[in-house]
Amino acid sequence: MTLPKLPERLEVGDWEECSEEDIKHCYDIGGVIGDGNFAEVRVCVVRQTGRTCAMKVVDKAKLQGRDHMIHNEVALLASLRHPRLVRLLRSHHTHAHVYMLMELVTGGDLFDAIARNVKFSEVCAAGMVRDISEGLKFIHNRRIAHRDIKPENLLRHGDSCITLKLADFGLALLVTEPLFTICGTPTYVAPEILAETGYGVAVDVWAMGVILYVLLCGFPPFRSAERNQTELFRLIRAGELHFFSPYWDMVSTAKDLIRALLQVNPKGRLTATQTLQHDWLRSFCRTSKQKYQPHETSPDQHHKPAVTSLVKQPASPTNSHYTTEPGPDQHKNAQSCTDRPRSSQSDTDHLKPSQSQRSQVK
Ligand SMILES: Nc1ncnc2c1ncn2[C@@H]1O[C@H](COP(=O)(O)OP(=O)(O)OP(=O)(O)O)[C@@H](O)[C@H]1O
C-alpha cells in the first residue's frame, strides 16, 4: 500500500478500505500509550520514513452504529492544523478498525499530571490556560466547539516546560445554530448545556474555567460530597463559586479570571480571545517568557484529600449522547452537521457514566 497524504478535507467517500496486512506493511505498531472508550492509542513507526507517531486504533465493533462519530472526528481534525491541536497525519480503515496516525505527544495527559497529587504554580497554570485558550481561539474562530474539554483530553508536550495540545475531537461540531444535545463530562459541563436553552462554543470556555480552578487547588469548583449527579448539576447551574481557605489564600488575581470564565450566563463569559488578554494571564505568561518549569509542587496535607475528588470520567453519555446526535447521513461532512433538539430522555441519564467505564479515583 502506498501511503496517501490526508486531503485537506476528508469526506466519508474518500475513505478507501485497506487490509490489516496493508497496515502492518506500512506501520510498525507497538505498545499502548493510552486508551478510551472506543480506541487504543499505540506508539507507531512509519516504516517508510522511520518517524515515530501515535496510532489511534478504533475498534469498529465497539462503535455499534456510531461510525459517523469517528468520521466526524477524522474529518474535523483533518481540516484543522495548529500547534495547540494534536495533528492528524493520515487515516485508514479496514473492515475491523479505523486507524488514525497522529503526531506523538510524549508527556501524557493533564489528568495524570494532576492525579500525581500535585497542585500547580500560578505561572505554570497560566501557561496551560494560555495554551488551551490559543487552541480554543483557533477552533472557535472557525465556529467549532470541542464539547469535551477536560484534563484527559489535554496532552502534554515537551520536556521541561508544559505545553498542552487539545485532543479527542470525537464530540467536536461546527456550530451553525444553537446546539441542544446534552453531552460532555459531568464535572466540566456548562450550565447552559444542562439548562437546554441552546449552547455554543462558550461551553469550552466554561470547561477551561473548571480546569483552571482544579490546577490551582487540586479539586473541582462544583462537586457533590455524595457524588450525586443531580446535586452536582444543581450546583453547576447555580454557579456559586467558593474559594476555600487555606487553598486559595495565596492565589492572586487568578480568582478574577476564574469568575469571568465560570459565568453562568454564556453571554457574560469571557471568550478564548479575551482570556488571552486577561491581566493575570498576561502577567504570568510574561514572567514565564523564559522557559518555565512545570513547578509541580509536592503534595501536602491540605491537597491530598482534595485531589482525590477528581475522578476520571468518560465523555458521556457513552451510550446515550450518540443516540441524540444526528444520524450518519448528517455526518457525511462534519462541517455541515448540526445538533437537533434532543429527545425527552432525562439530562442526568445523558451524563451518567456507564457501568462499563473506567471511573477511577486517583
Ligand atoms: N497523539 C497522541 N499522543 C500520545 N498520546 C495520545 C495521543 N492521542 C491520545 N493519546 C492518549 O490516549 C488516550 C485516549 O485517546 P482518545 O481520548 O483520543 O481516545 P478515545 O477512545 O476517543 O477517548 P474517549 O473515550 O474519551 O472518547 C488519551 O487520553 C491520551 O492519554
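Residues numbered from 1 in each chain as written. Predicted model: local features only at pLDDT ≥ 70, side-chain atom pairs only at ≥ 80, totals over all residues. Heavy atoms only, no water.

### Considering the site of the ligand
Around the ligand sit 20 residues, and of these N37, K56, E103, V105 and D168 come closest. Interatomic distance of 2.9 Å between a backbone N/O atom of E103 and a nitrogen atom of the ligand. Within the contact set of the ligand, an oxygen atom lies 3.2 Å away from a side-chain nitrogen or oxygen of D109. Protein contacts shield 90% of the accessible area of the ligand, which totals 620 Å² for the unbound molecule. Those elements giving two or more residues to the shell around the ligand turn out to be strand 1 (27–35), strand 2 (39–46) and strand 3 (52–59). Top element by residues in the shell around the ligand is strand 1. It accounts for 3 residues. Residue classes in the shell around the ligand are distributed as 10 nonpolar, 4 polar and 6 charged. (Near = heavy atom within 4 Å. Polar contact = N/O pair within 3.5 Å; in protein donor to acceptor, adjacent residues only side chain to side chain. Areas by Shrake-Rupley, 256 points an atom, 1.4 Å probe, with all protein chains shown as cover. Helix = DSSP H or I, 4+ residues; strand = E, 2+ residues; numbered from the N terminus. Nonpolar A, V, L, I, M, F, W, Y, C, P; charged D, E, K, R; others polar.)

### Quick look at empty space enclosed by the protein
Counted by the stated rule, this structure contains 2 cavities of 30 Å³ or more. Here the largest cavity is characterised by a volume of approximately 70 Å³. Lining the largest cavity are 13 residues; nearest its centre among them are R147, D148, Y188, V203 and A207. Residue contributions to the lining of the largest cavity peak at 3 residues, all from helix 7 (residues 202–217). For the lining of the largest cavity, the class distribution of residues is 8 nonpolar, 2 polar and 3 charged. (1 Å grid on protein atoms, 1.4 Å probe; cavity = no way out; pocket = protein on both sides within 12 Å on 5 of 7 lines; lining within 4 Å. Points joined across faces, edges and corners; volume = space filled by probe spheres on them.)

### Examining the UniProt feature "binding site: ATP" (unreviewed entry) in the protein
When the UniProt feature table is mapped to this numbering, "binding site: ATP" (unreviewed entry) covers K56. Tracing the backbone through its elements, the reader meets K56 in strand 3. In this structure K56 touches A39, E40, V41, E73, V98, Y99, M100, M102 and D168, once residues within four positions along its chain are discounted. Within the local environment of K56, its side chain forms a polar contact with the side chain of E73, the two groups lying 3.0 Å apart. (UniProt positions renumbered as here; feature names shortened; annotations may be inferred. Contact = heavy atoms within 4.5 Å.)

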